[in-house]
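# Close look at the chain arrangement
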Amino acid sequence: MSIRRIALTSAAVTLAFTTLAQARPDTRAMTCQQTQALIQSHGSAVLTTGPNTYALYVRQYSNACDWSLIPAVGFVPTLDGQCLVHRCREPLYTPPG
């Protein structure tokens, strides 16, 4: 295999992975309604919320969280302000027993 072909293949693979990494929706580029609709339609979604931040957001009544976690209220930045969404978090208390 020639050096040129290896370089072209490497460039194509790098471009493909860069495009996939940027495919995560950014809440700052959507309205609150669009953000909530995206989460509702997919059940859960990993969303970018800042230059270096992202998280998994889920429906309010969802089984997308791990067994020890529950959907809890959170807020993300959107084009039209702060938007109410749900994230998987540990419960505030542990029931006795």
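Residues numbered from 1 in each chain as written. Predicted model: local features only at pLDDT ≥ 70, side-chain atom pairs only at ≥ 80, totals over all residues. Heavy atoms only, no water.

### Structural notes on the side chain of T48
Turning to its location among the elements, T48 is positioned in strand β1 (residues 44-50). Of note is the side chain of T48, whose polar atom sits 2.8 Å from the side chain of R24. Once residues lying within four places of it in the same chain are set aside, the contact partners of T48 are R24, P25, D26, T27, R28, T53 and Y54. (Helix = DSSP H or I, 4+ residues; strand = E, 2+ residues; numbered from the N terminus. Polar contact = N/O pair within 3.5 Å; in protein donor to acceptor, adjacent residues only side chain to side chain. Contact = heavy atoms within 4.5 Å.)

### Regarding the sheet that holds strand β4 (residues 81-89)
Read from one edge of the open sheet, four strands run β1-β2-β4-β3, paired in antiparallel fashion. Strand pairing shows two members of the sheet lacking a second neighbour, β1 and β3 (70-78), which therefore form its edges. For this sheet, the mean angle separating the axes of adjacent strands, direction not counted, is 45°. Taken together, the six bridges between β1 and strand β2 (residues 53-58) define a ladder with antiparallel strand orientation. (Pairing = 2+ DSSP bridges. Axes fitted to C-alpha atoms, helices over the stretch in contact; angles between N-to-C directions.)

### Here's the deal with the environment of L92
Within the element layout of this structure, L92 appears in the segment after β4. Separated by 20 residues in sequence, L92 and A72 have C-alpha atoms that sit 9.9 Å apart.

### Description of the state of the cysteines
As enumerated under the stated definition, the model contains two disulfides in all. A disulfide bridge connects C32 with C83, and the sulfur atoms are separated by 2.1 Å. The disulfide joining C32 to C83 has a torsion of about 70° about its S-S bond and is therefore right-handed. Here C83 lies in strand β4 and C32 lies in helix α2 (residues 32-42), a separation of 51 residues in the sequence. Grouping residues by exposure puts C32 and C83 together as buried. Covalent S-S linkage joins C65 and C88, the inter-sulfur distance amounting to 2.1 Å. Sign of the S-S torsion, about -90° for the bond between C65 and C88, identifies this disulfide as left-handed. Residue C65 is located in the loop between β2 and β3, and its partner C88 is located in strand β4; the two are separated by 23 residues in the primary sequence. (Disulfide = S-S within 2.5 Å. Buried < 20%, exposed > 50% of the residue type's maximum accessible area, 1.4 Å probe, protein only.)

### Topic: a nonpolar patch on the surface
A cluster of nonpolar side chains, namely V46, Y54 and L56, defines an oily patch on the protein surface of about 270 Å² accessible area. Secondary-structure assignment places V46 in strand β1. (Patch = residues over 30% accessible without salt bridge, like charges linked within 9 Å, V, L, I, M, F, W, Y side chains within 5 Å. Areas by Shrake-Rupley, 256 points an atom, 1.4 Å probe, with all protein chains shown as cover. Salt bridge = Lys/Arg side-chain N within 4 Å of Asp/Glu carboxyl O.)

### With respect to α2
Within α2 the residues assigned to the buried category are C32, T35 and I39. Looking down the long axis of α2, one finds its buried residues gathered within 70° of arc, a one-sided arrangement. Every exposed residue of α2 that faces more than 90 degrees away from the buried side is listed here: Q33 and S41. For α2, the secondary structure elements touched by its buried residues are β1, β2, β3 and β4. Looking one or two places after α2, you find G43, whose phi comes out positive at around 85°. (Arc of directions from axis to C-beta.)

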